[in-house]
Amino acid sequence: MSSQHPLSNTQQPLDVYGGDEVSALVLDAGYCHTRAGFAGEDVPKSVLPSFYGSLKIGDPDAPSYREVFGDECLIPRADFEVKNYMSRDESVVEDWDAATKMWEHMLIKRLQPEKPTPPGKNGLNDPFEDGEGDVAMLDDVEDQEKPLAESPLMMTEAPWNNGKAREKAIEIAMENWGCPAFWLARTPVCTAFAAGKASALIVDVGGANTSVTAIHDGMILKRSIQKSPVGGLWLSGQVRSMWDNNDPKTDIIPSYKIENKTPVDAGAPAQAKLRSFPYEISQSFRTYEEERLITEFKESVVEVWRGPGKYSNPGNEDIVRSQPGRVFEMPNGSNQMWREQRFRVSEGMWDEAAALPSSETITKAQTIPELIKAAINAVDVDLRPNLLGNIVVTGGTSLLNGFSDRLNNELMAMYPGMRIKLHAPGLTAERRFSAWIGGSILASLGTFHQMWISRKEYEENGAGIVEKRC
């Protein structure tokens, strides 16, 4: 492989991982979901919520806790809390113990074949009472192969991730899992590569926050990084606020509480029998289930006013009222037609004055158009036209109906006379997983094998190597 790709530097790499032969793993962690899979594939094999369950077991006075991962485990149970290993404000890992367990569950349990039982434990070599049989087998713990000893690992990280967290990530990969090679890539850079661009302005509208980052020749322009809490969870707060102030008030009753229901007409009170549980359901589980219901509402009902101009401009509400609305049925059977409200909910992302009163108030600087303006103003004047011509829209919340149209209209009004081009993939998977896809492309390139931080380098330089190299 190395003969096909001559290395640019004179020093031969310590370990060369031949291009396409590598079964490299790619792990992309976010606040709402964590994605894992093999490099070279077009979608992640394993996508799990970053929320996990914590079960209280054992003695009530000195309880111990067991973590469970995956959607199928998040069901009503006694002494059960739902937690997240990421921090909501920063979208970086907060609880490293849980993160390590979650990633092991995804990378090892879900993506690796079952390892054969070591010979000393499979019962075939146990000595017999009469002294006949095989010699007792001693398993040397050191000789047992680490779980990922044959898979280089590429992880993505937020561009504002701190040095300690980066060192912790390489430590886990090398010490716990025995990876032969490791690399940390920044999320916006991977997104740019997934879109086939080396220079771009990445607008990432995710679950916990929205970030805008300028990439030039595959490098992040540090000064341009802008971050705001206006993401999917903020939008959920707006939906809650709308439901609270609705007439009649819309109650959020998640589906796990419903035993059966009778269909009713639009606007009529619900007729449903609620389930009763012999144990107390924790608030964190209830909130998680409510969030799932709101996500369904956001996906099927909420829409962005496409413009031109703000939704609050006179006459716009009347136009919307004359158009057909969308009906949404709650798990308890109550249903209602949503017309102008579904535009008003998302308007706060663009115009802070239109945001509904909720626990998180936002400033003008935190709206999406202002974030882009701040990012563009932070970079060199000569780079601006190229960035505006290569705007990549990504993140699950950017899939709201009408989002790209509104963004285009806002930017045309903000930069008249400039050529503005949005790259917003139509495939939902491409928008939700773009950072993972970019990582998958990068890790599977033949020319990338000289970039990996090899095990040998890690052993020579320690965890600090990640700061020098990535």
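Residues numbered from 1 in each chain as written. Predicted model: local features only at pLDDT ≥ 70, side-chain atom pairs only at ≥ 80, totals over all residues. Heavy atoms only, no water.

**Quick word on the sheet that holds strand 7 (residues 153-157)**
Turning to step 1, where the next piece is worked out: The strand order 3-2-1-7-8-19 describes an open sheet built from 6 strands, whose pairing is mixed. Edge positions in the open sheet fall to strand 3 (46-49) and strand 19 (453-454), since each of these has one partner strand only.
Turning to step 2, where the next piece is worked out: Here strand 7 runs beside strand 8 (residues 181-186); their pairing, made up of 5 bridges, is parallel. Bridge pairing in strand 8 links T156 to A185. (Pairing = 2+ DSSP bridges. Helix = DSSP H or I, 4+ residues; strand = E, 2+ residues; numbered from the N terminus.)

**Some details on the environment of G462**
Turning to step 1, where the next piece is worked out: Inspection of the secondary structure puts G462 in the loop between helix 13 (455-461) and helix 14 (465-469).
Turning to step 2, where the next piece is worked out: Note: C-alpha distance between G462 and P263 (199 residues apart in sequence) is 63 Å.

**Quick notes on the sheet that holds strand 5 (residues 64-68)**
Turning to step 1, where the next piece is worked out: The sheet built from 3 strands is open, its strands ordered 5-4-6 with antiparallel pairing. At either margin of the open sheet sits one strand with a lone partner, and together these are strand 5 and strand 6 (80-84). Put simply, the sheet's adjacent strands are angled 35 degrees from each other on average, direction ignored.
Turning to step 2, where the next piece is worked out: Where strand 4 (residues 51-57) and strand 5 come together, 5 bridges link them in antiparallel fashion. If you follow G53 over to strand 5, its bridge partner there is V68. (Axes fitted to C-alpha atoms, helices over the stretch in contact; angles between N-to-C directions.)

**Let's talk about helix 4 (residues 232-244)**
Turning to step 1, where the next piece is worked out: Here helix 4 is 13 residues long and its end C-alpha atoms lie 18 Å apart, about the 18 Å a rise of 1.5 Å per residue gives.
Turning to step 2, where the next piece is worked out: With 10 of 13 residues buried, helix 4 is to be regarded as a mostly interior element.
Turning to step 3, where the next piece is worked out: Taken together, the buried positions of helix 4 are occupied by G232, L233, W234, L235, S236, Q238, V239, S241, M242 and W243.
Turning to step 4, where the next piece is worked out: At its buried positions, helix 4 is contacted by helix 5 (283-300), strand 16 (335-338) and helix 7 (341-347). (Expected span 1.5 Å × (residues − 1). Buried < 20%, exposed > 50% of the residue type's maximum accessible area, 1.4 Å probe, protein only. Contact = heavy atoms within 4.5 Å.)

**Notes on unusual backbone geometry**
Note on backbone geometry: most residues besides glycine have negative phi, and most peptide bonds are trans.
Turning to step 1, where the next piece is worked out: A cis amide bond links D247 with the next residue in sequence, P248, at an omega value of -5 degrees.
Turning to step 2, where the next piece is worked out: With respect to the element layout, P248 can be found in the loop between helix 4 and strand 13 (258-262).
Turning to step 3, where the next piece is worked out: The phi angle at S91 is positive, at roughly 55 degrees, despite the residue not being glycine.
Turning to step 4, where the next piece is worked out: Within the secondary structure layout, S91 lies in the loop between strand 6 and helix 1 (96-110).
Turning to step 5, where the next piece is worked out: Non-glycine residue D217 carries a positive phi angle of around 50 degrees.
Turning to step 6, where the next piece is worked out: Tracing the chain through its elements places D217 in the loop between strand 10 (210-216) and strand 11 (219-220).

**A few points about the state of the cysteines**
Each disulfide is one covalent bond, formed between the sulfur atoms of two cysteines.
Turning to step 1, where the next piece is worked out: Inspection of the entire model under this criterion finds 0 disulfides.
Turning to step 2, where the next piece is worked out: Sulfur of C179: no disulfide; nearest cysteine sulfur belongs to C470 and is 13 Å away.
Turning to step 3, where the next piece is worked out: Of all cysteine sulfurs in the structure, the one in C190 sits closest to C470, which takes part in no disulfide; the separation is 11 Å. (Disulfide = S-S within 2.5 Å.)

**As for the pattern of salt bridges**
Turning to step 1, where the next piece is worked out: Here the structure, examined in full by the defined rule, presents 31 salt bridges.
Turning to step 2, where the next piece is worked out: For E303, the salt bridge identified is with R306, shortest N-O distance 2.8 Å.
Turning to step 3, where the next piece is worked out: Residue R306 is classed as partly exposed on the basis of its relative accessible area of 33%.
Turning to step 4, where the next piece is worked out: With its nearest N and O atoms 2.9 Å apart, the salt bridge here joins E303 to R342. (Salt bridge = Lys/Arg side-chain N within 4 Å of Asp/Glu carboxyl O.)

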